[in-house]
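# Remarks on the overall topology
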Amino acid sequence: MACASSLGSHGKQFTLFNHVGMCMHMPNIFKLCFVMKELDLKWESKFLDFNKNEQKQSPHIDYNPNGRIPTLIDHNNNDFPIWESNAILLYLINTYDAENKFGFLGKTAEEKAQVMQWLFFQASGQGPYYGQAHWFLYLHPEEVPSAITRYQDEILRVLSVLEKHLQNREWMVGDSITLADFALLPYNLFYAPRLLPEGVTVEDRYPAVAAWQKRLCARRSVAETVQEREVEVRKFANTIPIFRGERGRMDPVYPQVPEVAESTEVTVEA
């Protein structure tokens, strides 16, 4: 447990550590925003400047020895720190929807196992492969075509897995939204358009995935988060560095979402 700090002085329930100016590059943050909005939880974002290595310094490193984001501090629970985005999702549900009234963990033992299955798939497959593709396309100091091809091929494979699974399904598990949907969406929505091989789009090649994304974007928690992200990206647009790679593919990608999302919130009985 980290020592006491003034992080909770803002009066919000949580502090969420984020990356200053690079909100377009951090999909794991947004899955947390989706779920915290669903649970009506209030937080303040604390932005860290990675160029100054702030993620490896106090106060962040005191809470997260891995020195990466996201990290969430729960001020309702003695400033309890939790890191690794999917672990944070599970903590939020187990702590703030202990009876699983929203059904985000799945409704049966089998569905709960499947939700965990997809959370592991997201953390071990989708996230790392998309992240490596981003590195070799935009950040690596020299172009390595074989690495770019490898990781773009892996993105195509991951999307093929999702496409096959979503045939004749609305959601990843069961008949309603779960943590599996919230966890898998951000990398597809914010990363894939910038990482896929030229000429390949999710809409053209993976129609079931595209339809699933559209359904999720019609949910108020997702639509609001996307719109808030756009504001942050535009705020930092002039400070986001352009690395090796084509400028057009580095421009912010703004998913098309309704101005006001359809009311698809879950009704929870008191």
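In what follows, the accompanying structure is described. None of these values were measured; they are calculated from a predicted model. (Residues numbered from 1 in each chain as written. Predicted model: local features only at pLDDT ≥ 70, side-chain atom pairs only at ≥ 80, totals over all residues. Heavy atoms only, no water.)

### A short note on the packing of helix α3 (residues 85-96) against helix α4 (residues 109-139)
Two elements in contact, α3 and α4, have axes whose closest approach is 10 Å; the angle formed by their N-to-C orientations is 150 degrees. Classified by the interaxial angle, the pair formed by α3 and α4 is roughly antiparallel. Contacts between α3 and α4 involve Asn86, Leu89 and Leu90 from the former and Met116, Leu119, Gln122 and Ala123 from the latter. (Axes fitted to C-alpha atoms, helices over the stretch in contact; angles between N-to-C directions. Helix = DSSP H or I, 4+ residues; strand = E, 2+ residues; numbered from the N terminus. Parallel < 35°, antiparallel > 145°, perpendicular 65-115°, else oblique. Contact = heavy atoms within 4.5 Å.)

### Notes on the nonpolar core
Grouped together as the largest cluster of nonpolar side chains are 76 residues, with contacts concentrated most on Met36, Leu92, Tyr130, Met172, Leu179 and Trp212. Ranked by the residues each element gives to this core, the list is headed by helix α6 (residues 179-195), at 12 residues. Taken domain by domain, this core gets at least three of its residues from each of domain 1 (14-97) and domain 2 (109-243). Not counting chain neighbours up to four residues away, the residues in contact with Met172 comprise Trp118, Leu162, His165, Leu166, Ala180, Asp181, Leu184 and Trp212. (Core = buried A, V, L, I, M, F, W, Y, C linked by side-chain atoms within 4.5 Å. Buried < 20%, exposed > 50% of the residue type's maximum accessible area, 1.4 Å probe, protein only. Domains from an automatic or database assignment.)

### A look at the packing of aromatic side chains
Applying the stated rule across the entire model yields 12 aromatic pairs. With centroids separated by 6.3 Å and ring planes inclined at 35 degrees, the aromatic side chains of Tyr129 and Tyr151 adopt a geometry described as tilted. Taken as a pair, Tyr129 in helix α4 and Tyr151 in helix α5 (residues 145-165) lie far apart in primary sequence, 22 residues in all. Classification of Tyr151 by relative accessible area gives buried; the value is 15%. Clustering of aromatic rings is evident, with ring pairs tying together Phe34, Phe102, Phe104 and Phe182. Here the basic side chain of Arg215 rests over the ring of Trp171, its NZ or CZ set 5.7 Å away from the ring centre. The residue whose ring lies beneath Arg229 is Phe190, and the NZ or CZ to ring-centre distance is 4.0 Å. (Phe/Tyr/Trp six-rings, centres within 6.5 Å; stacked < 30°, edge-to-face > 60°. Lys NZ or Arg CZ within 6 Å of the ring centre and 35° of its normal.)

### Details of the pattern of salt bridges
If you walk through the whole model with that rule in mind, you get eight salt bridges. Among the salt bridges present, the one from Lys101 reaches Glu99, with a minimum N-O distance of 3.9 Å. For Glu99, a relative accessible area of 63% corresponds to the exposed category. (Salt bridge = Lys/Arg side-chain N within 4 Å of Asp/Glu carboxyl O.)

### Side note on the sheet that holds strand β4 (residues 80-83)
Taken together, four strands build an open sheet; the order of strands is β2-β1-β3-β4 and the sheet is mixed. Whereas interior strands pair on both sides, the edge strands pair on one side only; in this sheet they are β2 (43-48) and β4. Within this sheet the neighbouring strands show an average axis-to-axis angle of 20 degrees, counted without direction. Where strand β1 (residues 14-19) and β2 come together, six bridges link them in parallel fashion. For Leu16, the partnering residue across the bridge sits in β2 and is Ser45. (Pairing = 2+ DSSP bridges.)

### A word on the environment of Ala183
As for its position among the elements, Ala183 is in helix α6. Spatially, the C-alpha atom of Ala183 lies 8.3 Å from that of Leu32, the residues being 151 residues apart in sequence. Contacts of Ala183, omitting those with residues within four sequence positions, involve Lys31, Asn86, Leu89, Leu119, Gln122 and Gln126.

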